[in-house]
Amino acid sequence: SCAAAGYLASSFAAGALVQRLGVGRLLSASSALVALALGGYATTAHWPVFLLGAVALGVGGGAIDAALNLFVATFFGARHLNWLHAFYGVGAALGPLIVTAALVADWGWRWGIAAIAVALAPLILLYAATREAWSVDGGSAPGAPHLVGGASPSVGLLEILGTRATWLQVAAFFTVTGLEATAGQWSYSLLTEARGFATAAAGAWVGAFWTAFTLARLIAGAVVRRVGGVRLTRLAAIAVIAGAVLFAVAPTPLLGCAGLVLIGLSVAPLFPGLMAETPRRLGAGAANHAIGLQVSGAVLGAATLPALAGLAAGAFGLWTVTLVPIAAGLVVLLL
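From a predicted model like this one, the values you see are computed outputs, not experimental measurements. (Residues numbered from 1 in each chain as written. Predicted model: local features only at pLDDT ≥ 70, side-chain atom pairs only at ≥ 80, totals over all residues. Heavy atoms only, no water.)

Engineer: So what exactly am I meant to see when it comes to the packing of aromatic side chains here?
Structural biologist: Aromatic ring pairs are reported here in terms of the distance separating the ring centres and the angle at which the planes meet. Inspection of every chain in the model, using the stated rule, returns 10 aromatic pairs. Ring centres 4.3 Å apart and planes at 10 degrees place the aromatic pair tyrosine 41 and phenylalanine 50 in the stacked group. Judged by its relative accessible area of 11%, tyrosine 41 falls in the buried class. On the basis of relative accessibility, which here comes to 24%, the residue phenylalanine 50 falls in the partly exposed class. Among the aromatic residues, those joined into a cluster by ring pairs are Phe71, Phe75, Phe76, Tyr127 and Trp134. (Phe/Tyr/Trp six-rings, centres within 6.5 Å; stacked < 30°, edge-to-face > 60°. Buried < 20%, exposed > 50% of the residue type's maximum accessible area, 1.4 Å probe, protein only.)

Engineer: In this structure, what is going on with the packing of helix H1 (residues 2-12) against helix H4 (residues 47-75)? I would like to understand it.
Structural biologist: Axis separation between H1 and H4 bottoms out at 6 Å; the angle between their running directions is 35 degrees. The element H1 and its partner H4 pack so that their crossing is right-handed. Here Cys2, Ala3, Gly6, Tyr7, Ser10 and Ser11 of H1 lie close against H4, whose contacting residues are Leu51, Ala54, Val55, Gly58, Val59, Gly61, Gly62, Ala63 and Asp65. For the contact of H1 with H4, a count of residues per class yields eight nonpolar, six polar and one charged. (Axes fitted to C-alpha atoms, helices over the stretch in contact; angles between N-to-C directions. Helix = DSSP H or I, 4+ residues; strand = E, 2+ residues; numbered from the N terminus. Left-handed = near helix turned anticlockwise from the far one by under 90°. Contact = heavy atoms within 4.5 Å. Nonpolar A, V, L, I, M, F, W, Y, C, P; charged D, E, K, R; others polar.)

Engineer: So what exactly am I meant to see when it comes to the nonpolar core here?
Structural biologist: Here is a general trend for soluble globular proteins: nonpolar side chains tend to be buried in one another's company. With 73 residues, the main nonpolar core has Val23, Leu27, Leu270 and Met275 as its most contacted residues. Looking at this core, the element that brings in the most residues is H4, giving 11 residues. Not counting the four nearest positions on each side in its chain, methionine 275 is found in contact with Asn69, Ala73, Leu81, Phe173, Ile291, Gln294 and Val295. The next biggest cluster of nonpolar side chains, apart from the first, holds six residues, and it includes Ile160, Val170, Ala290 and Leu293. (Core = buried A, V, L, I, M, F, W, Y, C linked by side-chain atoms within 4.5 Å.)

Engineer: Even after reading the chapter, I still don't get unusual backbone geometry, so can you show me in this structure?
Structural biologist: Its identity is not glycine, yet aspartate 106 carries a phi of approximately 65 degrees, on the positive side. On the basis of relative accessible area, aspartate 106 is assigned to the exposed category, the value being 73%.

Engineer: How should I be thinking about the pattern of salt bridges in this particular structure?
Structural biologist: Opposite charge on two side chains makes pairing possible when the charged atoms of those side chains draw close. Counted under the stated rule, the structure contains four salt bridges. Residue glutamate 180 pairs with arginine 217 through a salt bridge whose shortest N-O separation is 3.5 Å. Within this pair, whereas glutamate 180 is found in helix H9 (residues 164-194), its partner arginine 217 is found in helix H10 (residues 199-227), the two being separated by 37 residues in sequence. Accessibility expressed as a relative area gives 10% for glutamate 180, which makes it buried. Between glutamate 277 and arginine 281 there is a salt bridge, with the nearest N and O atoms lying 3.8 Å from each other. A residue pair is termed a helical-turn pair when its members lie 3 or 4 positions apart in one helix, as glutamate 277 and arginine 281 do in helix H13 (residues 270-282) at four residues. Here the salt bridges share partners, and the residues they tie into one network are Glu277, Arg280 and Arg281. (Salt bridge = Lys/Arg side-chain N within 4 Å of Asp/Glu carboxyl O.)

Engineer: Explanation requested: a nonpolar patch on the surface in the structure shown.
Structural biologist: A grouping of Phe87, Val90, Leu94, Leu97, Ile98, Leu215, Leu218, Ile219 and Val223 is seen on the molecular surface, where their side chains present a nonpolar patch of about 780 Å² in accessible area. Those elements that provide at least two residues to the nonpolar patch are helix H5 (78-104) and H10. At five residues, H5 tops the list of elements feeding residues into the nonpolar patch. Turning to its location among the elements, isoleucine 98 is positioned in helix H5. (Patch = residues over 30% accessible without salt bridge, like charges linked within 9 Å, V, L, I, M, F, W, Y side chains within 5 Å. Areas by Shrake-Rupley, 256 points an atom, 1.4 Å probe, with all protein chains shown as cover.)

Structure (structure tokens):
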């Protein structure tokens, strides 16, 4: 909760932070804050310090997320955004492996966390050294091959908050990440406790979901220019619904798991695809604040929809978890 609160606060304020510091300085400072927080995790024996580190970790992570999405959406578009977010999946897999390796070697989890903190040092230095190359002012950046939406005057936060398109985008991100999180977090419990899967088999299928999720973003990056960004997100939303229905009502366990993998494949391009459309839909001058708001919506969705799924599962049974991806997929397609 502390990390989520920090993440939400910094992503909401990302537009103002970018205007004040610039993307490069913000990335460098935020990465340093994340490294400091992880260092605190690895060394402290006091719970209040641990909680303070969680807030710092969230603040740094939210700012990094918003700043990177802003830069790539402004200058590169859907292709590179899909590849950027594919490596989210790679990092999500590597982090636990690093900590597990430290545990297997009898070094303790603290050394695993410390290793991740140390690994951030080159990034901090790189962001600082190249800070001028990260400029988004005036609609150009050194070496930028492509600008989406063109240069436009900066738009204030209050003005952006008053536009219907902003809230439609935020709602879409809320729903997409909530769908991702619900399918990723609840599928293991559903398979083991409601469908009788062995632990290893259920774990393998959840792993297949995240593997498909990562591979789909790599593939989407390669084909999005040929297919078209808007068309790809609409096709993906339709495929999400098909996968969710299959996961919910498939006549055999294998087909149900195929539906889970289809959800992973099809939900993957939605977040980067919608992010890439932000400068075009809202204007390049609105992107600073709008992308931060969208990341905030995404954080809330990832926290809220799995929690609602859990409440429904507790009241009516685990089978109700499968209804959330169906409903979320329909909402995404409508949005």
